[in-house]
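Given next are the chains, with one letter for each unit.
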Amino acid sequence: LQMTLKHPELKVNTDIAGYIRGMGRRRVHPAYIRGMLETKIIVLAQRDKWEDHFRLDEALLSGALVLHDPQTYWPHMMVDGINFVVYHN
């Protein structure tokens, strides 16, 4: 977030948008949809052995640049550097 101090024109949002703790499994919160459509860069980080979640699909459908941590298996035809960018922390 120090980058926003040097570049105040950048908007950074690290808040939770939508439901938490299982509430969003039956319906999607409007704030989540709005956040996905307004975001230009989405960073995904997952728990170990928690691959194949819908967050990757949702992020890709939003049209944003998607940064994802490494995982063992990727969906069919998904290529690092083309469909998304893998980051290593």
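Throughout this description, residue numbers start from 1 for each chain and increase along the sequence as written. Since the coordinates come from a predicted model, pLDDT governs what is reported: local features require at least 70, and pairs of side-chain atoms require 80 or more to be given and counted, while whole-chain, interface and lining totals use all residues. Computation of side-chain values covers all heavy atoms of the structure but excludes hydrogens and water.

So what's going on with the overall build of the chain? Which residues, and what values?
Elements are defined by DSSP. Helices are runs of H or I of four residues or more, strands are runs of E of two residues or more, and each kind is numbered from the N terminus. Secondary structure assignment for the chain yields three helices and three strands. The linear arrangement of helices and strands in the chain, starting from the amino end, is α-α-β-α-β-β. Whether a residue is buried, partly exposed or exposed follows from its accessible area with a 1.4 Å probe, protein chains only, as a fraction of its type maximum: under 20%, in between, or over 50%, in that order. Buried residues in the chain amount to 17% of all 89 residues. Relative to all contacts within the chain whose residues are 6 or more apart in sequence, the contacts with residues 24 or more apart total 24%. Accessible area for the chain stands at about 7,900 Å²; split by element, carbon and sulfur atoms hold 56% of it. We call two residues in contact whenever any of their non-hydrogen atoms come within 4.5 Å of each other. Surface exposure here means Shrake-Rupley accessible area, sampled with a 1.4 Å probe, where a residue is shielded only by the protein chains that are shown.

Run through the sheet that holds strand 3 (residues 85–86), naming residues and quoting values.
Paired strands, in this sense, are two strands between which DSSP finds at least two bridges. Ordered by their spatial adjacency, three strands build an open sheet running 1-2-3, and the pairing between neighbours is parallel. Strands with a single pairing partner mark the edges of an open sheet, and in this sheet they are strand 1 (41–44) and strand 3. By the bridge criterion, two bridges tie strand 2 (residues 65–68) to strand 3 in an arrangement that is parallel. Residue pairing in the sheet places Leu 67 in a bridge with Val 85 of strand 3. Lines are fitted to the C-alpha atoms to define the axes, a helix being fitted only along its stretch in contact, and any angle between axes, read from their N-to-C directions, falls within 0 to 180 degrees. Across the sheet, helix 3 (residues 54–62) touches strand 1 and strand 2, and the angle it forms with strand 1 is around 170°.

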